[in-house]
Amino acid sequence: MLNRAKIIFPIVTIGLCLAAGPGRAQQVPPKSPKAEHAPEKAPDPWWKHAVIYEIYPRSFQDSNGDGVGDINGITSRLDYLRDLGIDAIWISPVYPSPLVDFGYDVSDYTAIDPLYGTLADFDRLVSEGKKRNIRVIMDFVPNHTSDQHPWFAESRSSRTSPKRDWYIWRDGKGPDQPPNNWQSWFGHSAWEFDPTTNRYYYHHFYTEQPDLNWRNPQVRNAMYDAMRFWLGRGVAGFRIDAVSRLFEDPNLHDDPILPGKNAYGDPNIAHKYTDNLPEVHQVLREMRSVVNEFPGNPVLISEADEPNIAELTKMYGSKNDEIQLPMDFQIADINKLSAPDFRRLLDEIDRNAAGGQPHYFFSNHDQPRQWDRYGDGVHNDQIAKLIAALLLTTRATPLMYYGEEIGMRTTDPVRKEDVQDPIGKIGWPQEKGRDGERTPMQWDASKDAGFSTAERPWLPVPPSSAEYSVKVESQDPNSILSFYKRLLALRRSEPALRDGKYLPLDRGNPHVLSFLRKTPGNGDSILVVLNMSAEPRTVNLALDAHGVRETSARPLISAPKIARESAVLTHLTIPAFGVFIGSVR
């Protein structure tokens, strides 16, 4: 079990101290009983209005020329992130790991892999981030460890090992027969026979990633102490990996078989008995209690690929005592430009029964980049701006993936021998793995786009880096990067985008998604109109029902750019895949 870090936090008191000498007390007017007991509204937690940016550390910046990105590389780019308008970075795992799953197979939860640097490097990253008002969020991997973790080495050593019950061990149905039909997410049986004790262990993911037994209180305590270790070093919270897979049916019922086969040649199954079991919520409440021990409103973000918004809502907890920001895969995975589909899901999550803060994203280290899922191959740059506007103007905490602000493309390997990701090796060619969305960040026109000075980086830099890079796009006011910067600046400057309600407009429109961010009080509201079709569309927007009397809007951001000083709302034409963001009162 991990030792709990001993941390002493200084108490900082901010206030005005008045001397009690003669004559001084009269300078302070007495408070009325009503004022003395007037409730003060607590400020919103930082994460409610933050823009979070995921960094895949292997691919962001290499500082030592070994071809792999590292912690010092991230630190060296903090000024770029500050200038972009980022409030927090989520870093994919940098723990010691055999790298079977590139860090999601953890062999030590309280250390840094030498490939990425040292604990001192990490502490400096946190410190330098704070100087720039950028928080650091760790990736936490509670479902499984590496098979090289000392816990598993002890667990597999004998059936009577003190840590035997820290993992899921079962007898097979018979000779060479696993306990049941459960499948790994990465193909084939989820059970691996271990000849040391003649039993099978369960792994929801790779064979080298045995699942922890979260029914064991010792496992829970050890993992919570690992969380405390990083919170004590100043992290602002955790993104919790594969959180819905923490529990399995103890009775080992077979999962239902579905028609067809997957990319690995296995029968399709419904993960009924290994995913989203109700016991998960008690663990989430316990994790929330752990982060609540620390100052600064640490946040929990869950990888919650729930089947619908109702299930996603449960992740907040019945008393908002579980996850503050469940990742909304429903929005991310529409995978088509459909105004009705986006409108329906935005309505559902905005009115979620828990009153929880929505958390939207479109890409991450496990998904092809959004332009390759939403683009039409012709207007991808314009569609990139449209998706950016959708992400950054809704009532949600947005999550960006490194490089999306410059329009980086998914660039899959063309040969199996070039594949790094194990699932690409297992499932080739139907499944090419996730290398394509993990290619190095494209900074400039130098060798390997400024990512590394190594002869060969861990993944090749795409040819598209000549056109899509920070340096090139910084010099173009019409670039994707310039558009993101304007949007991020607008989020900070407009109270309506910070605190305004989300009010859908023109609900029956099949092509154009329109909504209002209505300011509390009498300030300006923000109108957002997004044409999700390949043809110009004209909308007629009456806002008087929402307390807006104006019939025209002052353009703030548009793409393509609108030259006129005002836009008539009763006859507003938006170009193909166009964006209009305007101010109304």
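The structure we're discussing is the one just above.
Residues numbered from 1 in each chain as written. Predicted model: local features only at pLDDT ≥ 70, side-chain atom pairs only at ≥ 80, totals over all residues. Heavy atoms only, no water.

Novice: I'm lost on the overall build of the protein in this one. Help?
Specialist: Check the secondary structure of the protein and you find 16 helices and 21 strands. For the C-alpha atoms alone, the extent of the protein along its principal axes is close to 75 × 75 × 50 Å. Here the protein holds 585 residues, and 57% of them are scored as buried. Long-range contacts, defined here as pairs at least 24 residues apart, represent 69% of the contacts in the protein between residues at least 6 apart. As presented, the protein carries roughly 24,900 Å² of accessible surface, and 51% of it is formed by carbon and sulfur atoms. Of the side-chain charges in the protein, 67 are positive and 77 negative, and the distance between the mean point of each set is 6 Å. (Helix = DSSP H or I, 4+ residues; strand = E, 2+ residues; numbered from the N terminus. Buried < 20%, exposed > 50% of the residue type's maximum accessible area, 1.4 Å probe, protein only. Contact = heavy atoms within 4.5 Å. Areas by Shrake-Rupley, 256 points an atom, 1.4 Å probe, with all protein chains shown as cover. Lys, Arg positive; Asp, Glu negative; His and termini not counted. Charge placed at Lys NZ, Arg CZ, Asp CG, Glu CD.)

Novice: Teacher, can you tell me more about the pairing of strand β21 (residues 579–584) here?
Specialist: Every other side chain in a regular strand lies on the same face of the sheet, so the side chains alternate between the two faces. The element β21 is largely enclosed, with a buried count of six among its six residues. Pairing between strand β16 (residues 525–531) and β21: six bridges, direction antiparallel. Each bridged residue has a counterpart across the sheet, and for Leu530 the counterpart in β21 is Val579. In terms of strand pairing, strand β18 (residues 552–559) meets β21 through five bridges, oriented antiparallel. By the bridge assignment, Pro555 is partnered in β21 with Gly582. (Pairing = 2+ DSSP bridges.)

Novice: Hey, could you run me through the side chain of Gln367 in this one?
Specialist: Looking at where Gln367 falls in the secondary structure, it is placed in the loop between β12 (359–361) and α11 (370–374). Judged by its relative accessible area of 9%, Gln367 falls in the buried class. Separated by 2.7 Å, the side chains of Gln367 and Asp333 make a polar contact. (Polar contact = N/O pair within 3.5 Å; in protein donor to acceptor, adjacent residues only side chain to side chain.)

Novice: Just checking my understanding: could you explain the sheet that holds β21 for this structure?
Specialist: Sheet strands associate in pairs through backbone hydrogen bonding, adopting either a parallel or an antiparallel arrangement. Read across the open sheet, the six strands follow the order β14-β15-β16-β21-β18-β19; overall the sheet is antiparallel. Where the open sheet ends on each side, the last strands, each with one partner, are β14 (501–505) and β19 (567–568). Packed on one face of the sheet, helix α12 (residues 380–393) meets β15 (512–518), β16, β18 and β21 and runs near 35° to β21. Packed on one face of the sheet, helix α15 (residues 480–493) meets β18 and β21 and runs near 140° to β18. (Axes fitted to C-alpha atoms, helices over the stretch in contact; angles between N-to-C directions.)

Novice: It is not clear to me how the packing of α12 against α15 should be interpreted in this structure. Could you clarify?
Specialist: Angle between the axes and distance between the axes are the two parameters that describe a pair of packed helices. Between α12 and α15, the shortest axis-to-axis distance is 10 Å and the interhelical angle comes to 15°. The orientation of α12 relative to α15 falls into the category roughly parallel. As for how α12 packs across α15, the hand of that crossing is right-handed. In this structure, α12 contributes Asp381, Ala384, Lys385, Ala388, Ala389, Leu392 and Thr393 to the contact, and α15 contributes Ile480, Phe483, Tyr484, Leu487, Leu488 and Arg491. Among the residues making up the contact of α12 with α15, the classes are represented as nine nonpolar, one polar and three charged. (Parallel < 35°, antiparallel > 145°, perpendicular 65-115°, else oblique. Left-handed = near helix turned anticlockwise from the far one by under 90°. Nonpolar A, V, L, I, M, F, W, Y, C, P; charged D, E, K, R; others polar.)

Novice: Help me out: how do you make sense of the nonpolar core in this one?
Specialist: A general feature of soluble globular proteins is that nonpolar side chains tend to end up buried together. With 141 residues, the main nonpolar core has Tyr53, Leu81, Ile89, Trp214, Phe238, Met287 and Met441 as its most contacted residues. Setting aside its immediate chain neighbours within four residues, Ile89 contacts Tyr53, Ile55, Ile74, Leu78, Leu81, Leu125, Ile134, Arg135, Val136 and Ile137. (Core = buried A, V, L, I, M, F, W, Y, C linked by side-chain atoms within 4.5 Å.)

Novice: Any chance you could explain unusual backbone geometry here in plain terms?
Specialist: Excluding glycine, residues mostly carry a negative phi; peptide bonds, for their part, are mostly trans. The amide bond that connects Trp428 to the next residue, Pro429, takes the cis arrangement and shows omega of 0°. Tracing the chain through its elements places Pro429 in the loop between α13 (422–427) and α14 (470–474). At the junction of Ala559 and Pro560, the peptide bond is cis and its omega measures out at -5° in the coordinates. Inspection of the secondary structure assignment puts Pro560 in the loop between β18 and β19. Positive phi, normally seen in glycine, also occurs at Asn133, with a value near 60°. Relative to the helices and strands, Asn133 resides in the loop between α4 (119–131) and β3 (135–140). A positive phi angle, close to 60°, is found at Asn335, a residue other than glycine. Positionally, Asn335 belongs in the loop between α9 (329–332) and α10 (339–350).

Novice: I would appreciate a short explanation of the sheet that holds strand β7 (residues 237–240) in the present structure.
Specialist: Here we have eight strands laid out as an open sheet, ordered β11-β10-β7-β3-β2-β1-β13-β12, and parallel in their pairing. In the strand order of this sheet, the two ends are held by β11 (325–326) and β12, each with one partner. Where strand β2 (residues 88–91) meets β3, four bridges bridge the pair, whose relative direction is parallel. Bridged to Ala88 within β3 is Arg135. Lying over the sheet, α4 contacts β2 and β3, oriented at roughly 135° with respect to β3.

Novice: How should the packing of aromatic side chains be read in this particular structure?
Specialist: What describes a pair of aromatic rings is the distance from one ring centre to the other and the angle between the planes of the rings. Per the counting criterion, the structure on display carries 31 aromatic pairs. Ring geometry for Phe122 against Trp230: centres 5.1 Å apart, planes inclined by 75°, an arrangement best described as edge-to-face. Placement of the pair is Phe122 in helix α4 and Trp230 in helix α6 (residues 217–231), with a sequence separation of 108 residues. Overall, the relative accessible area of 1% leaves Phe122 in the buried class. Look at Trp230 and you get buried, because its relative accessible area is 0%. Between Phe140 and Phe238 the ring centres are 5.5 Å apart and the planes differ by 55°, which places this aromatic pair in the tilted class. Remark: Phe238 occurs in strand β7 and Phe140 occurs in strand β3; sequence separation between them is 98 residues. (Phe/Tyr/Trp six-rings, centres within 6.5 Å; stacked < 30°, edge-to-face > 60°.)

Novice: Even after reading the chapter, I still don't get α10, so can you show me in this structure?
Specialist: Every α-helical turn comprises 3.6 residues, leaving residues that sit three or four positions apart pointing alike. Counted at 1.5 Å a residue, the expected span for α10 with its 12 residues is 16 Å, and the 16 Å between its end C-alpha atoms agrees. The set of residues buried in α10 consists of Ala339, Phe342, Arg343, Leu345, Leu346, Asp347 and Ile349. Two or three places before Asp341, at the opening of α10, Ser338 has a side-chain oxygen 3.2 Å from that residue's backbone nitrogen. (Expected span 1.5 Å × (residues − 1).)

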